[in-house]
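# Tertiary structure, described
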Amino acid sequence: MENGQDKQPSGSEKLKTIHDCAQLGDIDGFQKLLQDNPTLLNERNPFMLETPLHVSASNNKTEIVKFLLEWKGDDKVDLEAKNAYGETPLHVAATNGCNEAARLLLAHGALVEAKTKYGVTPLNLSVCHSSRAEDCSIVETLLENNADCDATDDEGMTPLDHLSKIQESGKLRGLLLSHQQKQRKTRLPEACSKQNGRVDALEKELSNIVGLDELKMQLGKWAKGILMNERRKAVGLEISTAGRLPHMAFLGNPGTGKTMVARILGRLLHGVGILQTDKVKEVQRTDLVGEYVGQTGYKTREKIKEAEGGILFVDEAYRLMPEDRSSCDYGLEALEEIMSSMDDGKVLVIFAGYNEPMQRVISSNEGFSRRVTKILKFEDLSCEELANVLHIKMNNQAKDSLLHGFKLHSSCSVDAIARLIKRATTEKQRMKMNGGLVEIMLNNAKGNLDLRISDDCVESDELLMIKLEDFEAAIRFLPQ
């Protein structure tokens, strides 16, 4: 107290915060603050939202970095905490060329491929620093930890691309090019192995599609092209990445496998990174169109949102476009909403329906024909193909299926089932149902087996064995 006034502390006497100590390298003050209040371990500072690990790493205060990384308290230091720019402690260490701090972070598991909110990796930031400081040590440290020389930011720029904008000596460029070549050689067998696995998986999926040989050939070629492009990119070859999602139209009668192919496509395109998920959202007119003004747009946008990242499968899509274009029909509004969403790359749309009405939609709507780049035709299944479908379904029954555990009698050969279908059904029935005919046959045959078995039957094989006579009885009850 002096002249009745409290003495104010001078600038040097102000209390230090945890971030002040981290910046200055005051290990004694830092330890005391953290031991007194362990909740400060991942405390964020104002504006930049950086933790003490950010601050100490960006100033190369290795004693404090090491203390934080080896902290024995209940909480653990957040290695991947992000500041206001989405930068981790490794990012800020790379930005400032703090090599010793970066080594400590990497030794404790920091992600060398972490990205900022702009998609920038620590290697990109280290290149900028090293070109200015004429010191490649931070770049070398990241490359020793297998930092990806081909990683791109949100502008599609690699570390070498950024370097080309900077005046610098050839040493840094040579270092990056040398590691880039080594990484690409390593990636080639990995890319080939991954590609072969995906091709095998695709072929297995396609083998469960009966018939549709031309369609399967188209899908196989397209898938191989996607996978080959992935392989090209993996070894650093420059190929065009332009183009929107491959929106499609599936034309064919019910039961020809359109939905199944859509699901296979979802898995394939997700597997190669074109789609974020493999989900297929199936919708029809009733899911999209409202009864009153304003309902349709909302309903349609909700369904599109549910499908984001995957496939929106619009069945009987022709029902959205009335034959009389002069009539007031909310289906057109739904169709326009869907077509608007096809340009933003968030959802892949597949329109499906009967051949003739779908051709009418394609030819009469300019926006539709411009956006739908692939049109696949699904032919009706022959009697032999339907018999094959029946056998495949019986051999792949899920555990929750009513037919799980049931078997076909030797009398139910593919040829015998094909002859029965040809004899007992009309062409109109087969065209109308296709694979749906098989589902009805199987369910009805199981029902006939239940009726046929006597009450005193104890043989387990008999209880689960579907015979040709069961199909002969079942096929009489098919819808006309």
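Cut-off values and rules
- Residues numbered from 1 in each chain as written.
- Predicted model: local features only at pLDDT ≥ 70, side-chain atom pairs only at ≥ 80, totals over all residues.
- Heavy atoms only, no water.
- Phe/Tyr/Trp six-rings, centres within 6.5 Å; stacked < 30°, edge-to-face > 60°.
- Buried < 20%, exposed > 50% of the residue type's maximum accessible area, 1.4 Å probe, protein only.
- Helix = DSSP H or I, 4+ residues; strand = E, 2+ residues; numbered from the N terminus.
- 1 Å grid on protein atoms, 1.4 Å probe; cavity = no way out; pocket = protein on both sides within 12 Å on 5 of 7 lines; lining within 4 Å.
- Points joined across faces, edges and corners; volume = space filled by probe spheres on them.
- Nonpolar A, V, L, I, M, F, W, Y, C, P; charged D, E, K, R; others polar.
- Arc of directions from axis to C-beta.
- Contact = heavy atoms within 4.5 Å.
- Axes fitted to C-alpha atoms, helices over the stretch in contact; angles between N-to-C directions.
- Parallel < 35°, antiparallel > 145°, perpendicular 65-115°, else oblique.
- Left-handed = near helix turned anticlockwise from the far one by under 90°.
- Pairing = 2+ DSSP bridges.
- Expected span 1.5 Å × (residues − 1).
- Core = buried A, V, L, I, M, F, W, Y, C linked by side-chain atoms within 4.5 Å.

In total, this model carries 6 aromatic pairs according to the counting rule given. Between F67 and W71, the aromatic rings sit 5.8 Å apart at their centres with planes inclined by 65°, giving edge-to-face as the arrangement. For the pair F67 and W71, one class covers both residues: buried. Taking 5.9 Å as the distance between ring centres and 40° as the angle between the ring planes, the aromatic pair formed by Y318 and Y354 counts as tilted. Residue Y318 is found in the loop between strand 3 (311-314) and helix 15 (331-341), and its partner Y354 is found in the loop between strand 4 (348-353) and helix 16 (355-364); the two are separated by 36 residues along the sequence. On the accessibility criterion, Y318 (13% relative accessible area) is buried. Its relative accessible area of 33% is what places Y354 among the partly exposed residues. An aromatic cluster is defined as three or more aromatic residues linked by ring pairs; in this entry it consists of F30, F67 and W71.

Empty space among the atoms becomes apparent when a probe as large as a water molecule is rolled across them. In this structure, the second largest pocket encloses a volume near 770 Å³. Counting residues per element, the ones that place at least two in the lining of the second largest pocket are helix 12 (258-271), helix 18 (383-395) and helix 21 (435-452). Considered class by class, the residues forming the lining of the second largest pocket number 14 nonpolar, 11 polar and 6 charged.

Okay, helix 2 (residues 27-36) next. Owing to its 3.6 residues per turn, the α-helix aligns residues three or four sequence positions apart on the same side. By the burial criterion, the buried members of helix 2 are I27, G29, F30 and L34. One side of helix 2 carries all its buried residues, which in axial view fall inside an arc of 160°. With respect to the buried face of helix 2, the exposed residues turned more than 90 degrees away are D28, K32, Q35 and D36. Residues of helix 2 that are buried sit in contact with helix 1 (18-24), helix 3 (52-58) and helix 4 (62-69).

What follows deals with the packing of helix 6 (residues 99-107) against helix 8 (residues 137-144). Look at helix 6 against helix 8: their axes get within 9 Å of each other, and the N-to-C directions meet at 10°. Here helix 8 runs roughly parallel to helix 6, going by the angle between their axes. Of the two possible hands of crossing, helix 6 and helix 8 adopt the one that is right-handed. Counted together, N99, A102, R103 and L106 of helix 6 and S137, I138, T141, L142 and E144 of helix 8 form the full contact between these two elements.

This brings us to the pairing of strand 3. Residues I311 and F313 of strand 3 are buried on one face, and the alternating residues L312 and V314, pointing to the opposite face, are buried as well. Pairing of strand 2 (residues 280-283) with strand 3, which is carried by 4 bridges, proceeds in the parallel orientation. Paired with E282 across the two strands is F313, which belongs to strand 3. As judged from the 4 bridges shared by strand 3 and strand 4, these two strands associate in the parallel manner.

Let us look at helix 18. Here helix 18 contains 13 residues, and its C-alpha end-to-end distance of 19 Å stays within 8% of the 18 Å for a straight helix at 1.5 Å per residue. Listed in full, the buried residues belonging to helix 18 are C383, L386, A387, V389, L390, H391 and M394.

Moving on, we get to the nonpolar core. Judged by nonpolar contacts, the single largest core of 45 residues is most densely connected at F30, L34, L105, V139, L142 and L176. In terms of residue count, the dominant contributor to this core is helix 4 (5 residues). In contact with L176, other than residues within four places in its own chain, are L123, V127, V139, L143, C149, L160 and L163. Core analysis: the next-biggest nonpolar cluster, separate from the first, contains 30 residues, M394, A418, L449 and I453 among them.

Another aspect to go through is unusual backbone geometry. The phi angle at F47 is positive, at roughly 70°, despite the residue not being glycine. Within the element layout of this structure, F47 appears in the loop between helix 2 and helix 3. The backbone of N434 shows a phi angle near 50°, a positive value even though the residue is not glycine. Mapped onto the elements of the fold, N434 is located in the loop between helix 20 (427-433) and helix 21.

A few words on the sheet that holds strand 1 (residues 248-252). With parallel pairing, the 5 strands of this open sheet are ordered in space as 2-3-4-1-5. Pairing within the sheet leaves two strands with one partner each, and these edge strands are strand 2 and strand 5 (374-378). Strand after strand, the sheet turns through a mean of 20° between neighbouring axes, direction not considered. Along the sheet, helix 12 makes contact with strand 1, strand 2, strand 3, strand 4 and strand 5, crossing strand 1 at roughly 155°.

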